[in-house]
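Each chain is listed here by its residues.
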Amino acid sequence: MQVRLQGQQRLRGEVILPADKSMLHRALILGALSAGETQIMAGHFGDDNRRTLANLQALGASLTEVDGGFAIVGNREMLSAPCEILDCGNSATTMRLLLGVCAGLGIKARFDGDASLRTRSMQSLIDVFAGCGIDIVSQNGCAPLELRGGTFKGGEVVLPHASAQLKSAVLLAALVANEAVQVIEPGESRDHTERMLAMAGVQVEVQRKSNATHICLSKGQKLKKRDWQVPGDFSSASFLLAAALGLPDSEIIVRGVGLNGTRTGFLEILQEYGAEYGIEHWSEGEGEALGDVWVKSSKLNAKQAGDKPTRIGADILGRLLDEVPVLAVLATQAVGVTQFCDLGPLRNKESDRVQETAKLLEAFGARIEIHANRLDVYGPTTLKATQVEVGHDHRLALCAFVLALLAEGESTLNGFESVEVSFPGFRDILKQLEGGSGFEHIHRV
Ligand code: S3P
(Lines give C-alpha, C1' and ligand atoms only; values in the text may rest on other atoms or scores of the structure.)
Protein backbone atom coordinates (compact mmCIF):
# COMPACT_ATOMS: atom_id res chain seq x y z
CA MET A 1 0.00 0.00 0.00
CA GLN A 2 1.26 3.46 -0.91
CA VAL A 3 0.28 6.38 1.31
CA ARG A 4 0.66 10.08 0.48
CA LEU A 5 0.62 12.42 3.40
CA GLN A 6 0.73 16.20 3.81
CA GLY A 7 2.96 17.22 6.71
CA GLN A 8 2.62 19.94 9.34
CA GLN A 9 -1.12 19.48 9.94
CA ARG A 10 -2.44 19.78 13.44
CA LEU A 11 -3.57 16.67 15.31
CA ARG A 12 -6.39 17.02 17.84
CA GLY A 13 -8.96 14.88 19.57
CA GLU A 14 -9.18 11.62 21.43
CA VAL A 15 -8.56 8.09 20.37
CA ILE A 16 -8.90 4.49 21.59
CA LEU A 17 -6.21 2.14 20.31
CA PRO A 18 -6.03 -1.60 19.49
CA ALA A 19 -5.29 -4.06 22.26
CA ASP A 20 -1.82 -4.32 23.78
CA LYS A 21 -0.09 -6.88 21.59
CA SER A 22 2.10 -8.37 24.33
CA MET A 23 -0.78 -8.77 26.77
CA LEU A 24 -3.11 -10.26 24.17
CA HIS A 25 -0.57 -12.98 23.21
CA ARG A 26 -0.39 -13.93 26.88
CA ALA A 27 -4.14 -13.75 27.51
CA LEU A 28 -4.74 -16.11 24.57
CA ILE A 29 -2.11 -18.58 25.77
CA LEU A 30 -3.30 -18.54 29.40
CA GLY A 31 -6.88 -18.93 28.15
CA ALA A 32 -5.88 -22.00 26.15
CA LEU A 33 -4.07 -23.53 29.15
CA SER A 34 -6.70 -23.01 31.85
CA ALA A 35 -9.73 -25.27 32.18
CA GLY A 36 -13.10 -23.91 31.05
CA GLU A 37 -14.13 -20.97 28.92
CA THR A 38 -12.08 -17.75 29.02
CA GLN A 39 -13.49 -14.48 27.68
CA ILE A 40 -10.98 -11.97 26.36
CA MET A 41 -12.14 -8.44 25.60
CA ALA A 42 -9.61 -6.95 23.22
CA GLY A 43 -11.23 -4.75 20.55
CA HIS A 44 -9.01 -4.53 17.45
CA PHE A 45 -6.06 -6.90 17.19
CA GLY A 46 -3.33 -7.26 14.60
CA ASP A 47 -1.64 -9.93 12.47
CA ASP A 48 0.85 -10.96 15.19
CA ASN A 49 -1.92 -11.80 17.66
CA ARG A 50 -3.82 -13.58 14.88
CA ARG A 51 -0.82 -15.93 14.52
CA THR A 52 -0.92 -16.87 18.21
CA LEU A 53 -4.66 -17.42 17.98
CA ALA A 54 -4.43 -19.61 14.85
CA ASN A 55 -1.57 -21.68 16.27
CA LEU A 56 -3.42 -22.31 19.54
CA GLN A 57 -6.29 -23.62 17.43
CA ALA A 58 -3.85 -25.84 15.52
CA LEU A 59 -2.70 -27.19 18.90
CA GLY A 60 -6.30 -28.08 19.84
CA ALA A 61 -7.80 -25.07 21.66
CA SER A 62 -11.25 -24.03 20.59
CA LEU A 63 -11.59 -20.33 19.86
CA THR A 64 -14.57 -18.25 18.81
CA GLU A 65 -14.49 -14.57 17.91
CA VAL A 66 -17.28 -12.82 19.80
CA ASP A 67 -18.26 -9.16 19.74
CA GLY A 68 -15.23 -7.20 21.01
CA GLY A 69 -13.04 -10.22 21.67
CA PHE A 70 -12.84 -14.00 21.97
CA ALA A 71 -14.09 -16.96 23.88
CA ILE A 72 -11.50 -19.71 24.33
CA VAL A 73 -12.19 -23.18 25.54
CA GLY A 74 -9.09 -25.08 26.32
CA ASN A 75 -7.01 -26.80 28.93
CA ARG A 76 -3.62 -28.35 28.79
CA GLU A 77 -5.00 -31.86 28.15
CA MET A 78 -6.73 -30.63 24.97
CA LEU A 79 -3.44 -29.52 23.43
CA SER A 80 -1.49 -32.00 21.32
CA ALA A 81 1.01 -32.23 18.45
CA PRO A 82 -0.28 -30.23 15.47
CA CYS A 83 -0.46 -31.83 12.00
CA GLU A 84 0.74 -28.65 10.32
CA ILE A 85 3.78 -26.41 10.78
CA LEU A 86 2.98 -23.61 13.26
CA ASP A 87 3.22 -20.52 11.07
CA CYS A 88 4.19 -17.58 13.27
CA GLY A 89 4.14 -15.03 10.43
CA ASN A 90 6.09 -11.95 11.53
CA SER A 91 5.70 -12.67 15.25
CA ALA A 92 8.76 -13.71 17.25
CA THR A 93 6.66 -13.51 20.43
CA THR A 94 4.30 -16.17 19.04
CA MET A 95 7.24 -18.40 18.14
CA ARG A 96 9.12 -18.11 21.44
CA LEU A 97 6.12 -18.30 23.80
CA LEU A 98 4.42 -21.19 22.01
CA LEU A 99 7.69 -23.07 21.77
CA GLY A 100 7.92 -22.74 25.56
CA VAL A 101 4.38 -24.09 25.99
CA CYS A 102 4.99 -27.03 23.64
CA ALA A 103 8.38 -27.84 25.22
CA GLY A 104 6.81 -27.92 28.69
CA LEU A 105 3.90 -30.10 27.55
CA GLY A 106 6.18 -32.52 25.68
CA ILE A 107 4.55 -31.68 22.34
CA LYS A 108 6.68 -32.10 19.23
CA ALA A 109 6.10 -29.31 16.71
CA ARG A 110 7.64 -27.36 13.85
CA PHE A 111 7.67 -23.57 13.81
CA ASP A 112 8.20 -21.26 10.88
CA GLY A 113 7.67 -17.62 9.99
CA ASP A 114 7.83 -15.07 7.19
CA ALA A 115 11.05 -13.97 5.48
CA SER A 116 11.76 -11.39 8.21
CA LEU A 117 11.19 -13.79 11.12
CA ARG A 118 13.42 -16.38 9.41
CA THR A 119 16.32 -13.93 9.65
CA ARG A 120 15.99 -13.37 13.41
CA SER A 121 18.29 -15.32 15.66
CA MET A 122 16.60 -17.91 17.87
CA GLN A 123 19.99 -19.14 19.16
CA SER A 124 19.49 -17.89 22.74
CA LEU A 125 16.15 -19.70 22.90
CA ILE A 126 17.71 -22.89 21.52
CA ASP A 127 20.64 -22.72 23.97
CA VAL A 128 18.50 -21.93 27.03
CA PHE A 129 16.09 -24.79 26.24
CA ALA A 130 19.00 -27.15 25.50
CA GLY A 131 20.15 -26.43 29.07
CA CYS A 132 16.65 -27.44 30.24
CA GLY A 133 16.80 -30.79 28.38
CA ILE A 134 14.91 -29.74 25.22
CA ASP A 135 16.15 -30.55 21.73
CA ILE A 136 15.47 -27.92 19.05
CA VAL A 137 16.85 -28.16 15.53
CA SER A 138 17.23 -24.93 13.52
CA GLN A 139 18.63 -23.50 10.30
CA ASN A 140 21.84 -21.91 11.63
CA GLY A 141 20.05 -20.62 14.73
CA CYS A 142 17.00 -19.31 12.84
CA ALA A 143 13.53 -20.60 11.90
CA PRO A 144 12.28 -22.99 10.67
CA LEU A 145 12.64 -24.68 14.07
CA GLU A 146 11.86 -28.28 14.90
CA LEU A 147 11.05 -29.02 18.51
CA ARG A 148 12.12 -32.66 18.70
CA GLY A 149 11.19 -33.20 22.33
CA GLY A 150 12.94 -33.97 25.60
CA THR A 151 11.72 -33.59 29.16
CA PHE A 152 11.77 -30.03 30.42
CA LYS A 153 13.69 -29.73 33.68
CA GLY A 154 13.66 -26.48 35.63
CA GLY A 155 16.11 -25.38 38.32
CA GLU A 156 18.25 -22.30 37.84
CA VAL A 157 18.06 -20.88 34.33
CA VAL A 158 20.40 -17.99 33.55
CA LEU A 159 19.38 -15.99 30.48
CA PRO A 160 22.22 -14.66 28.28
CA HIS A 161 20.48 -11.27 27.97
CA ALA A 162 17.31 -9.51 29.13
CA SER A 163 14.33 -10.60 27.04
CA ALA A 164 10.66 -10.83 27.94
CA GLN A 165 10.05 -13.39 25.23
CA LEU A 166 12.82 -15.70 26.41
CA LYS A 167 11.90 -15.30 30.08
CA SER A 168 8.23 -15.96 29.31
CA ALA A 169 9.03 -19.05 27.23
CA VAL A 170 10.89 -20.56 30.20
CA LEU A 171 8.23 -19.58 32.76
CA LEU A 172 5.41 -21.03 30.64
CA ALA A 173 7.39 -24.23 30.01
CA ALA A 174 8.06 -24.67 33.74
CA LEU A 175 4.42 -24.00 34.64
CA VAL A 176 2.98 -26.59 32.25
CA ALA A 177 5.74 -29.11 32.98
CA ASN A 178 5.08 -28.66 36.72
CA GLU A 179 8.74 -27.88 37.39
CA ALA A 180 10.16 -25.33 39.81
CA VAL A 181 12.31 -22.72 38.10
CA GLN A 182 14.41 -19.72 39.02
CA VAL A 183 15.00 -17.52 35.97
CA ILE A 184 17.89 -15.10 36.33
CA GLU A 185 17.62 -12.27 33.83
CA PRO A 186 20.46 -9.77 33.46
CA GLY A 187 18.73 -6.36 33.44
CA GLU A 188 15.02 -5.77 33.03
CA SER A 189 12.31 -6.50 30.48
CA ARG A 190 8.53 -6.15 30.38
CA ASP A 191 6.86 -8.19 33.14
CA HIS A 192 3.41 -8.99 31.68
CA THR A 193 3.92 -12.75 32.03
CA GLU A 194 4.78 -12.50 35.73
CA ARG A 195 1.85 -10.15 36.40
CA MET A 196 -0.69 -12.06 34.35
CA LEU A 197 0.34 -15.39 35.89
CA ALA A 198 -0.12 -13.81 39.32
CA MET A 199 -3.52 -12.47 38.23
CA ALA A 200 -4.42 -16.06 37.27
CA GLY A 201 -3.52 -17.42 40.71
CA VAL A 202 0.07 -18.54 40.04
CA GLN A 203 2.55 -17.33 42.65
CA VAL A 204 5.56 -15.71 41.06
CA GLU A 205 8.29 -14.27 43.24
CA VAL A 206 10.34 -11.46 41.70
CA GLN A 207 13.49 -9.94 43.22
CA ARG A 208 15.90 -7.37 41.88
CA LYS A 209 19.48 -8.25 42.91
CA SER A 210 22.11 -5.75 41.77
CA ASN A 211 21.52 -5.57 37.99
CA ALA A 212 19.66 -8.86 37.62
CA THR A 213 16.02 -9.88 38.00
CA HIS A 214 15.34 -13.24 39.71
CA ILE A 215 11.95 -14.76 38.94
CA CYS A 216 10.92 -17.86 40.90
CA LEU A 217 8.05 -20.18 40.16
CA SER A 218 7.50 -23.12 42.49
CA LYS A 219 6.15 -26.57 41.64
CA GLY A 220 2.51 -27.61 41.92
CA GLN A 221 0.91 -24.33 40.86
CA LYS A 222 -2.49 -24.26 39.30
CA LEU A 223 -3.56 -21.79 36.66
CA LYS A 224 -7.04 -20.49 37.45
CA LYS A 225 -9.41 -19.59 34.68
CA ARG A 226 -10.09 -15.86 34.50
CA ASP A 227 -11.37 -13.38 31.93
CA TRP A 228 -9.17 -10.63 30.52
CA GLN A 229 -9.84 -7.06 29.49
CA VAL A 230 -6.81 -6.02 27.45
CA PRO A 231 -6.02 -2.27 27.50
CA GLY A 232 -4.81 -0.25 24.51
CA ASP A 233 -1.23 -0.69 23.35
CA PHE A 234 1.15 1.89 24.83
CA SER A 235 3.71 1.20 22.08
CA SER A 236 1.15 2.10 19.40
CA ALA A 237 0.14 5.17 21.42
CA SER A 238 3.73 6.43 21.45
CA PHE A 239 3.60 7.19 17.69
CA LEU A 240 0.53 9.41 17.98
CA LEU A 241 1.83 11.04 21.16
CA ALA A 242 5.17 11.82 19.47
CA ALA A 243 3.42 13.29 16.41
CA ALA A 244 1.16 15.55 18.50
CA LEU A 245 4.11 16.76 20.60
CA GLY A 246 6.05 17.79 17.51
CA LEU A 247 3.19 19.29 15.44
CA PRO A 248 1.86 22.83 15.85
CA ASP A 249 -1.41 23.55 17.69
CA SER A 250 -1.97 19.88 18.56
CA GLU A 251 -3.46 18.16 21.59
CA ILE A 252 -4.56 14.55 21.82
CA ILE A 253 -5.64 12.12 24.50
CA VAL A 254 -5.25 8.35 24.18
CA ARG A 255 -7.86 6.61 26.30
CA GLY A 256 -7.57 3.31 28.18
CA VAL A 257 -3.97 2.55 27.38
CA GLY A 258 -1.77 0.06 29.29
CA LEU A 259 0.62 1.80 31.72
CA ASN A 260 2.68 -1.08 33.05
CA GLY A 261 5.83 0.56 34.49
CA THR A 262 8.12 -1.79 32.55
CA ARG A 263 6.71 -0.30 29.32
CA THR A 264 6.47 3.44 29.98
CA GLY A 265 10.09 4.62 29.75
CA PHE A 266 8.85 6.82 26.86
CA LEU A 267 7.02 8.98 29.43
CA GLU A 268 10.20 9.25 31.52
CA ILE A 269 11.94 10.75 28.48
CA LEU A 270 9.02 13.14 27.86
CA GLN A 271 9.51 14.31 31.45
CA GLU A 272 13.21 14.85 30.80
CA TYR A 273 12.43 16.78 27.59
CA GLY A 274 10.06 19.07 29.50
CA ALA A 275 7.09 17.99 27.34
CA GLU A 276 3.54 18.99 28.27
CA TYR A 277 1.83 15.69 29.02
CA GLY A 278 -0.20 14.03 31.73
CA ILE A 279 -2.14 10.95 32.80
CA GLU A 280 -5.83 10.92 33.71
CA HIS A 281 -7.96 8.15 35.23
CA TRP A 282 -4.86 6.16 36.21
CA SER A 283 -5.84 2.85 37.74
CA GLU A 284 -3.87 -0.12 38.95
CA GLY A 285 -6.40 -2.42 37.32
CA GLU A 286 -6.25 -5.92 38.73
CA GLY A 287 -2.48 -6.05 38.34
CA GLU A 288 -1.83 -4.24 35.07
CA ALA A 289 -2.06 -0.43 35.27
CA LEU A 290 -3.96 1.62 32.70
CA GLY A 291 -5.17 5.18 32.11
CA ASP A 292 -5.61 8.02 29.61
CA VAL A 293 -2.49 9.82 28.37
CA TRP A 294 -2.66 13.36 26.93
CA VAL A 295 0.00 15.49 25.27
CA LYS A 296 0.12 19.01 23.77
CA SER A 297 2.47 20.54 21.19
CA SER A 298 5.60 21.20 23.21
CA LYS A 299 8.97 22.84 23.04
CA LEU A 300 11.29 19.94 23.79
CA ASN A 301 14.70 20.30 25.38
CA ALA A 302 17.27 17.51 25.13
CA LYS A 303 19.80 19.30 27.29
CA GLN A 304 19.92 18.57 30.99
CA ALA A 305 21.46 20.93 33.53
CA GLY A 306 25.13 21.46 32.65
CA ASP A 307 24.37 21.05 28.93
CA LYS A 308 24.84 17.27 29.01
CA PRO A 309 22.92 15.47 26.24
CA THR A 310 19.84 13.41 27.08
CA ARG A 311 21.14 9.86 27.34
CA ILE A 312 19.01 6.78 26.78
CA GLY A 313 21.04 3.70 27.73
CA ALA A 314 20.92 0.23 29.29
CA ASP A 315 19.40 1.50 32.56
CA ILE A 316 16.13 2.48 30.82
CA LEU A 317 16.28 0.57 27.52
CA GLY A 318 14.11 -2.35 28.71
CA ARG A 319 11.30 0.09 29.58
CA LEU A 320 11.24 1.68 26.12
CA LEU A 321 12.67 -1.07 23.91
CA ASP A 322 10.08 -0.79 21.13
CA GLU A 323 9.88 3.01 21.43
CA VAL A 324 13.52 3.75 20.54
CA PRO A 325 12.79 4.41 16.83
CA VAL A 326 9.92 6.82 17.57
CA LEU A 327 11.91 8.53 20.32
CA ALA A 328 14.69 9.04 17.76
CA VAL A 329 12.08 10.71 15.52
CA LEU A 330 10.99 12.94 18.39
CA ALA A 331 14.63 13.74 19.19
CA THR A 332 14.88 15.54 15.81
CA GLN A 333 12.50 18.14 17.28
CA ALA A 334 14.24 18.54 20.66
CA VAL A 335 16.82 21.25 21.23
CA GLY A 336 20.24 19.63 21.77
CA VAL A 337 21.58 16.10 21.43
CA THR A 338 19.86 12.86 22.40
CA GLN A 339 22.22 9.89 22.64
CA PHE A 340 20.70 6.43 22.27
CA CYS A 341 23.26 3.97 23.67
CA ASP A 342 23.61 0.19 24.21
CA LEU A 343 21.34 -0.50 21.21
CA GLY A 344 22.61 -4.07 20.56
CA PRO A 345 19.21 -5.66 21.41
CA LEU A 346 17.52 -3.61 18.66
CA ARG A 347 19.54 -5.27 15.93
CA ASN A 348 17.58 -8.56 16.25
CA LYS A 349 14.05 -7.12 15.94
CA GLU A 350 11.75 -7.11 12.90
CA SER A 351 14.67 -5.34 11.21
CA ASP A 352 18.06 -4.06 12.33
CA ARG A 353 16.37 -1.11 13.99
CA VAL A 354 19.58 0.83 14.58
CA GLN A 355 20.48 0.84 10.91
CA GLU A 356 16.93 1.19 9.59
CA THR A 357 15.99 4.02 11.98
CA ALA A 358 19.14 5.90 10.95
CA LYS A 359 18.33 5.41 7.24
CA LEU A 360 14.79 6.65 7.70
CA LEU A 361 15.84 9.70 9.72
CA GLU A 362 18.44 10.64 7.12
CA ALA A 363 15.88 10.31 4.31
CA PHE A 364 13.82 13.05 5.98
CA GLY A 365 16.88 15.27 6.48
CA ALA A 366 17.54 14.60 10.19
CA ARG A 367 21.01 15.22 11.63
CA ILE A 368 22.35 12.01 13.14
CA GLU A 369 25.56 10.12 13.86
CA ILE A 370 26.03 6.38 14.39
CA HIS A 371 28.86 5.03 16.54
CA ALA A 372 28.64 1.19 16.79
CA ASN A 373 25.55 0.59 18.97
CA ARG A 374 24.99 4.30 19.65
CA LEU A 375 22.80 6.71 17.72
CA ASP A 376 23.14 10.47 18.32
CA VAL A 377 20.28 12.67 17.12
CA TYR A 378 20.73 16.46 16.89
CA GLY A 379 17.78 18.83 17.02
CA PRO A 380 15.77 20.77 16.31
CA THR A 381 15.66 20.05 12.58
CA THR A 382 13.18 21.15 9.93
CA LEU A 383 12.38 17.83 8.29
CA LYS A 384 11.79 17.64 4.54
CA ALA A 385 9.09 15.58 2.83
CA THR A 386 10.36 12.67 0.81
CA GLN A 387 9.44 9.35 -0.80
CA VAL A 388 10.52 6.21 1.11
CA GLU A 389 10.11 2.45 1.14
CA VAL A 390 9.01 1.77 4.70
CA GLY A 391 10.08 -1.88 4.53
CA HIS A 392 8.68 -4.82 6.48
CA ASP A 393 9.08 -3.47 9.99
CA HIS A 394 5.72 -2.22 11.30
CA ARG A 395 7.29 0.12 13.84
CA LEU A 396 9.50 1.74 11.23
CA ALA A 397 6.48 2.18 8.95
CA LEU A 398 4.78 4.06 11.81
CA CYS A 399 7.96 6.11 12.35
CA ALA A 400 7.91 7.04 8.66
CA PHE A 401 4.31 8.19 9.16
CA VAL A 402 5.30 10.43 12.09
CA LEU A 403 8.30 11.82 10.15
CA ALA A 404 6.01 12.57 7.21
CA LEU A 405 3.60 14.40 9.52
CA LEU A 406 6.41 16.47 11.01
CA ALA A 407 8.02 17.26 7.64
CA GLU A 408 7.23 20.21 5.38
CA GLY A 409 5.48 19.16 2.16
CA GLU A 410 3.90 15.94 0.92
CA SER A 411 5.62 12.61 1.55
CA THR A 412 5.00 9.25 -0.09
CA LEU A 413 5.34 6.06 1.94
CA ASN A 414 5.54 2.78 0.01
CA GLY A 415 4.84 -0.59 1.63
CA PHE A 416 2.76 0.90 4.43
CA GLU A 417 0.64 -2.27 4.88
CA SER A 418 3.11 -3.63 7.44
CA VAL A 419 1.45 -1.39 10.09
CA GLU A 420 -1.30 -4.02 10.34
CA VAL A 421 1.11 -6.24 12.32
CA SER A 422 0.64 -4.14 15.47
CA PHE A 423 -1.72 -1.32 14.52
CA PRO A 424 -4.76 -2.85 12.80
CA GLY A 425 -7.21 -0.40 11.30
CA PHE A 426 -4.66 2.42 11.53
CA ARG A 427 -6.42 4.66 9.00
CA ASP A 428 -9.89 4.31 10.60
CA ILE A 429 -8.46 4.87 14.04
CA LEU A 430 -6.81 8.09 12.91
CA LYS A 431 -10.23 9.24 11.74
CA GLN A 432 -11.21 9.41 15.40
CA LEU A 433 -8.87 12.42 15.61
CA GLU A 434 -9.66 15.98 14.47
CA GLY A 435 -12.96 15.91 16.35
CA GLY A 436 -14.32 12.99 14.32
CA SER A 437 -14.21 14.84 10.97
CA GLY A 438 -11.60 12.37 9.81
CA PHE A 439 -7.92 12.49 9.19
CA GLU A 440 -8.06 13.76 5.67
CA HIS A 441 -4.41 14.04 4.95
CA ILE A 442 -3.88 10.36 4.18
CA HIS A 443 -4.42 9.42 0.57
CA ARG A 444 -4.26 5.81 -0.33
CA VAL A 445 -2.91 5.37 -3.86
C1 S3P B 1 7.83 -8.65 23.68
C2 S3P B 1 9.08 -8.43 24.21
C3 S3P B 1 10.08 -7.51 23.67
C4 S3P B 1 9.50 -6.63 22.56
C5 S3P B 1 8.55 -7.35 21.65
C6 S3P B 1 7.41 -7.98 22.43
C7 S3P B 1 6.91 -9.56 24.38
O8 S3P B 1 11.19 -8.22 23.18
O9 S3P B 1 10.55 -6.04 21.80
O10 S3P B 1 8.00 -6.43 20.71
O11 S3P B 1 5.68 -9.49 24.13
O12 S3P B 1 7.38 -10.35 25.20
P13 S3P B 1 12.29 -8.89 24.16
O14 S3P B 1 12.01 -10.35 24.18
O15 S3P B 1 13.58 -8.53 23.50
O16 S3P B 1 12.16 -8.28 25.52
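Everything below is about the structure printed above this text.
The following refers to the structure shown. (Residues numbered from 1 in each chain as written. Predicted model: local features only at pLDDT ≥ 70, side-chain atom pairs only at ≥ 80, totals over all residues. Heavy atoms only, no water.)

Quick word on the overall build of the protein chain
A count of helical and extended segments in the protein chain gives 14 helices and 25 strands. Relative to its length of 445 residues, the protein chain is compact, with a C-alpha radius of gyration of 21 Å against a globular reference of 22 Å. In terms of its C-alpha atoms, the protein chain occupies a principal-axis envelope of roughly 60 × 45 × 40 Å. Relative to its full complement of 445 residues, the protein chain shows a buried share of 58%. Within the protein chain, residue pairs in contact and separated by at least 24 positions form 74% of the contacts whose partners lie at least 6 positions apart. Total accessible area on the protein chain is roughly 16800 Å²; 47% of this is exposed by carbon and sulfur atoms. Taking the average place of the 44 positive charges on the side chains of the protein chain and the average place of its 54 negative ones, the gap between the two points comes to 2 Å. (Helix = DSSP H or I, 4+ residues; strand = E, 2+ residues; numbered from the N terminus. Rg over C-alpha atoms; globule rule 2.2 N^0.38 Å. Buried < 20%, exposed > 50% of the residue type's maximum accessible area, 1.4 Å probe, protein only. Contact = heavy atoms within 4.5 Å. Areas by Shrake-Rupley, 256 points an atom, 1.4 Å probe, with all protein chains shown as cover. Lys, Arg positive; Asp, Glu negative; His and termini not counted. Charge placed at Lys NZ, Arg CZ, Asp CG, Glu CD.)

Here we look at the pattern of salt bridges
This model, assessed by the stated rule, comprises 29 salt bridges. Between E350 and R120 there is a salt bridge, and its shortest N-O distance comes to 3.6 Å. On the criterion of sequence distance, the pair formed by E350 in the loop between β20 (334-340) and α12 (353-363) and R120 in the loop between α4 (115-118) and α5 (123-131) is long-range, its members being 230 residues apart. We note that E350, like R120, is buried. (Salt bridge = Lys/Arg side-chain N within 4 Å of Asp/Glu carboxyl O.)

Some details on the packing of helix α1 (residues 21-33) against helix α3 (residues 92-105)
Where α1 meets α3, the axes come as close as 11 Å, and the angle between the chain directions of the two elements is 20°. It follows that α1 is roughly parallel to α3 by the angle criterion. As for the relative orientation of α1 and α3, their crossing is right-handed in sense. Contacts between α1 and α3 pair H25, R26, I29 and L33 from the former with T93, T94, L97, L98, V101 and L105 from the latter. Here the residues of the contact of α1 with α3 are counted per class, giving six nonpolar, three polar and one charged. (Axes fitted to C-alpha atoms, helices over the stretch in contact; angles between N-to-C directions. Parallel < 35°, antiparallel > 145°, perpendicular 65-115°, else oblique. Left-handed = near helix turned anticlockwise from the far one by under 90°. Nonpolar A, V, L, I, M, F, W, Y, C, P; charged D, E, K, R; others polar.)

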